[in-house]
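Structure at a glance
What follows is each chain in one-letter form.
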Amino acid sequence: MQPSEVKMVQTEQSMKKAIEHSMKDLSILSSRTIDKSDDYFQIKSNPNKGRFAVASKILKPGQLILKETPVVFVADAVEYNKRCFSCFRCSTEKSEQGKISDFGPQITVFSECLSLSRCSKCKLAWYCSKDCQLRDWAVYHKKECVSYAKHKESVPTSIRLMTKILILSQGAYPSFMSDMISNRQQFSLQEVKKFGEMSLLLHNFIDHSQLTAIQLIDLWCKLQCNGFSICDDELSKVGVGLYEKAACFNHSCRPNAYAYFNGHNLELRALDTIDAEQEITITYIETFEPQTVRKKNLKEQYFFDCLCDKCCQDESKPTTRSDYLPCPVCMQALFINEFNFHAKDNGSCTCSLEHTFHELKLAYKAFKSLTVSPVKSQTAKPIDEQIKSLKAIEKTFQKHLVPTSHYFTLQLSHSLIGSLSRSIFLLLDLSNIPEACKTYTELTRYVKSYIEALICAGASKFHPFISNTYFTQSITCFQIWDLLAHNHQKGPLCELLQDYSEKLSIALNTSLSNANATHGQQSSTYIQLSQFKMSLTTFLAQK
Ligand SMILES: C[S@@+](CC[C@H](N)C(=O)[O-])C[C@H]1O[C@@H](n2cnc3c(N)ncnc32)[C@H](O)[C@@H]1O
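Throughout this document, residue positions are counted from 1 along each chain, in the order its sequence is written. For a predicted model such as this one, the threshold for reporting local features is a pLDDT of at least 70, and the threshold for listing and counting side-chain atom pairs is 80 or more; totals across whole chains, interfaces and linings nevertheless cover every residue. Each side-chain value is derived from all of the structure's non-hydrogen atoms; neither hydrogens nor water enter the calculation.

- Going by what an unreviewed UniProt entry lists, the protein is known as SET and MYND domain-containing protein 3 and is assigned to Entomophthora muscae.

Okay, structure coming up:
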């Protein structure tokens, strides 16, 4: 359904309400939703690592330590028309209708998806309700709408975030950022220059004449070191936010707490038993990466050398083979993954594979640009053209896929399975049964190796403590299984799924108990896993 546009014309009464909201927002800033925090941790500081959080008492795994609403947040540009600018709810989110509790964990039943309406003036801000729109207008949007209308999607996320910060602080230095670490001296001259340019650009959005150039640079530095990427349930980045309390938690590559997002709210839970006075740590980066990569990432963005247990241990250990993608020709380890895929240095092996990697990159890009929906085609292209391009991409992938548990390869396999399934549906639409059967055989082959690789990669023991990557892999694995189980009730693929469902059942039980600790039973992640479990139980019972 095409969302309708909403005019900014308001009645006197609604305007009054909005202004009341606005005043309330500004005055209660220091008492936003920061639940329970002081009960569970205290902020201390030392010269080596600045402020840090320590447990006020013994914390058990799964304990909710902090629940915080961001002081400011913005959605990423690709999310503009998917999320409410005011409350951050997503258009695919469904409203809760009721709960069935006869199957172990509670299952939530949802009704219709949220429909968003956009600001008729800038056509960039979207809202889930009139209330949200009025509220946002009163606090922020009336001060940014004109510049949004002028610059459209080209406004960088950081400029939009800084605009909101300065709107909130009424142009003065924001008090909620005064205690945040800036690491100003560590930024290179080039980066400082870039911040200067951003300040110039910012001027098109908000008057920052009350601040000196140095104060502005200090704020940009603070944003880089303290801002959080807001992620959705599948850990894809959907926005950025600034959280006053969460910004006090330091990093460890073996953290004892886990931060995740419920909409734009940050929630932090204990992963382990944390003793009173022990530091509470979270991870800033992907812990699945080898130590060299972790070290580099932490130094470049956060300017410190990590001295956590894992880093001290890793230093003396060779990096495990699963961190590497073997070269498809000489089978030598080659470091390549999605995170440094665009970097020039993709590792090295004895045979020169530049050409292969070039092809692989192209194929990967092509896959990314396709909305791989195995059930229905969403593109307007004629079916046979879609099949042709899918086949071309599949061919490139099949040539290069090596069975390994590496994240990157798993991603490719995942895409390949999506693409093969989609081809099957398209071929069936064309009544090309022989070709559909051939593709089906291919699909079976890849599903087998994919599920095996996933199980070996850690689907059975996923835990954000180990890695966010394993976490997403596991969810993806269950999603694929679920999708295939629904669409292949008979035939060889069904038998294959049956073979694996027992292994998956073990993996799911582990995942559920882990998600119980990391996210809690009310989280959508836990609910999604419970739904998979129900699906798997039903599937096994029917066979
Ligand atoms: C989000 S802030 C965390 C709180 C910060 N310590 C403070 O004083 O406000 C991130 C910054 O804290 C410091 N930091 C975080 N983890 C650290 C660690 N394990 N060792 C040393 N410094 C750390 C780095 O300067 C990093 O850029």
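Points about the site of the ligand
- Around the ligand sit 15 residues, and of these K49, R51, N183, N250 and Y302 come closest.
- Here N250 contributes a side-chain N or O atom positioned 2.9 Å from a nitrogen atom of the ligand.
- Think of a polar contact as two N or O atoms within 3.5 Å of one another; within protein, one of them needs to be a possible hydrogen donor and the other a possible acceptor, and neighboring residues in sequence only count if both atoms come from side chains. Between Y302 and the ligand, the recorded distance is 2.8 Å, taken from a backbone N or O atom to an oxygen atom.
- In isolation the ligand exposes 560 Å². Once the protein is present, 91% of that is buried.
- Only protein atoms enter the calculation, which uses a 1 Å grid: trapped sets of points that fit a 1.4 Å probe without letting it out are cavities, open sets showing protein on both sides within 12 Å along at least five of seven lines are pockets, and any residue with an atom within 4 Å of a point is a lining residue. In this description, a molecule resides in a pocket or cavity if more than half of its atoms sit within 2 Å of the grid points defining it. When atom positions are compared with the pocket grids, the ligand is found to occupy the second largest pocket. We call a residue near a molecule or strand when any one of its heavy atoms sits within 4 Å of it. The Shrake-Rupley method, run with a 1.4 Å probe sphere, supplies the accessible areas, and residue values consider only the shown protein chains as cover.

Examining the side chain of H141
- Every helix listed is a DSSP run of H or I at least four residues long, and every strand listed is a run of E at least two residues long, numbered separately from the N terminus. Inspection of the secondary structure assignment puts H141 in helix 3 (residues 130–151).
- Working rule for contacts: check all heavy atoms of both residues, and any pair within 4.5 Å makes them a contact. Discounting residues that sit within four places of it in the chain, H141 has contacts with C119, C122, A125, Y127, D136 and Y148.

Notes on the pairing of strand 4 (residues 50–55)
- Relative to strand 4, strand 3 (residues 41–46) runs antiparallel, the two being bridged by 6 bridges. Looking at strand 4, one finds that F41 is bridged to A55.
- Being paired, for any two strands, means DSSP has found at least two bridges between them. Taken together, strand 3 and the strand that follows it, strand 4, pair antiparallel across an intervening segment of 3 residues.
- In terms of strand pairing, strand 4 meets strand 16 (residues 279–282) through 2 bridges, oriented antiparallel. Directly across from V54, in strand 16, lies its bridge partner E279.

Here's the deal with the layout of surface pockets
- Grid points are joined across faces, edges and corners, and a volume is the space filled by probe spheres set on the points. As a volume, the second largest pocket reaches approximately 750 Å³.
- What lines the second largest pocket is a set of 28 residues, among which N48, K49, N250, H251 and F304 lie closest to the centre.
- Going through the elements one at a time, strand 4, helix 6 (213–226), strand 13 (250–251) and strand 16 are the ones with two or more residues in the lining of the second largest pocket.
- All amino acids are sorted into three groups, where Ala, Val, Leu, Ile, Met, Phe, Trp, Tyr, Cys and Pro are nonpolar, Asp, Glu, Lys and Arg are charged, and the leftover types, Gly among them, are polar. Within the lining of the second largest pocket, the residues separate by chemical class into 12 nonpolar, 9 polar and 7 charged.

As for the environment of S45
- When you line up the elements, S45 lands in strand 3.
- Exposure categories follow from relative accessible area, calculated using a 1.4 Å probe and restricted to protein chains: below 20% of the type maximum is buried, above 50% is exposed, and the middle band is partly exposed. Looking at S45, the relative accessible area reads 55%, which means it is exposed.
- Distance in space between the C-alpha atoms of S45 and L390 is 55 Å, their sequence separation being 345 residues.

Notes on the sheet that holds strand 11 (residues 228–231)
- Taken in spatial order, the 3 strands make up an open sheet running 6-12-11, and their pairing is antiparallel. At either margin of the open sheet sits one strand with a lone partner, and together these are strand 6 (72–75) and strand 11. Adjacent strand axes in the sheet meet at a mean angle of 30° when their direction is disregarded. Structural elements are reduced to axes, namely lines fitted to C-alpha atoms, with helices fitted over the stretch in contact, and the angle between N-to-C directions of any two is expressed from 0 to 180 degrees.

Looking at the nonpolar core
- I165, M177, L202, W220, L223 and L242 are the most contacted members of the largest nonpolar core, which totals 35 residues.
- Elements that contribute at least two residues to this core include exactly strand 6, helix 3, helix 4 (157–168), helix 5 (189–202), helix 6 and strand 12 (237–242).
- If sequence neighbours within four positions are ignored, I165 has contacts with V72, P174, F176, M177, L223 and L242.
- In this text, buried Ala, Val, Leu, Ile, Met, Phe, Trp, Tyr and Cys residues form a nonpolar core when linked through side-chain atoms within 4.5 Å. Membership of the second largest hydrophobic core comes to 25 residues, among which are L59, F73, F88 and F261.

Concerning the sheet that holds strand 13
- Spatially, 4 strands are ordered 3-4-16-13 in an open sheet, and the strand pairing comes out mixed. Strands at the two margins of the open sheet, each flanked by one partner only, are strand 3 and strand 13.

Side note on helix 5
- How far a helix is expected to stretch is found by multiplying one less than its residue total by 1.5 Å. With 14 residues, helix 5 ought to run about 20 Å at 1.5 Å a step, and its terminal C-alpha atoms sit 20 Å apart, in line with that.
- Every buried residue of helix 5 is accounted for by V192, F195, M198, S199 and L202. Relative to the axis of helix 5, the buried residues are bounded by an arc of 110° and lie together on one face. For helix 5, exposure combined with an orientation more than 90 degrees from the buried face picks out L189, Q190, K193, E197 and L200. Think of the arc as the fan of directions from the helix axis to the C-beta atoms.

A look at the side chain of T439
- Within the secondary structure, T439 sits in helix 12 (residues 433–457).
- The class of T439 is buried, set by a relative accessible area of 2%.
- One polar contact links the side chain of T439 to the main-chain carbonyl oxygen of E435, over a distance of 2.8 Å.
- Leaving out residues up to four positions away in the same chain, T439 has contacts with K391, L420, S423, I424 and L427.

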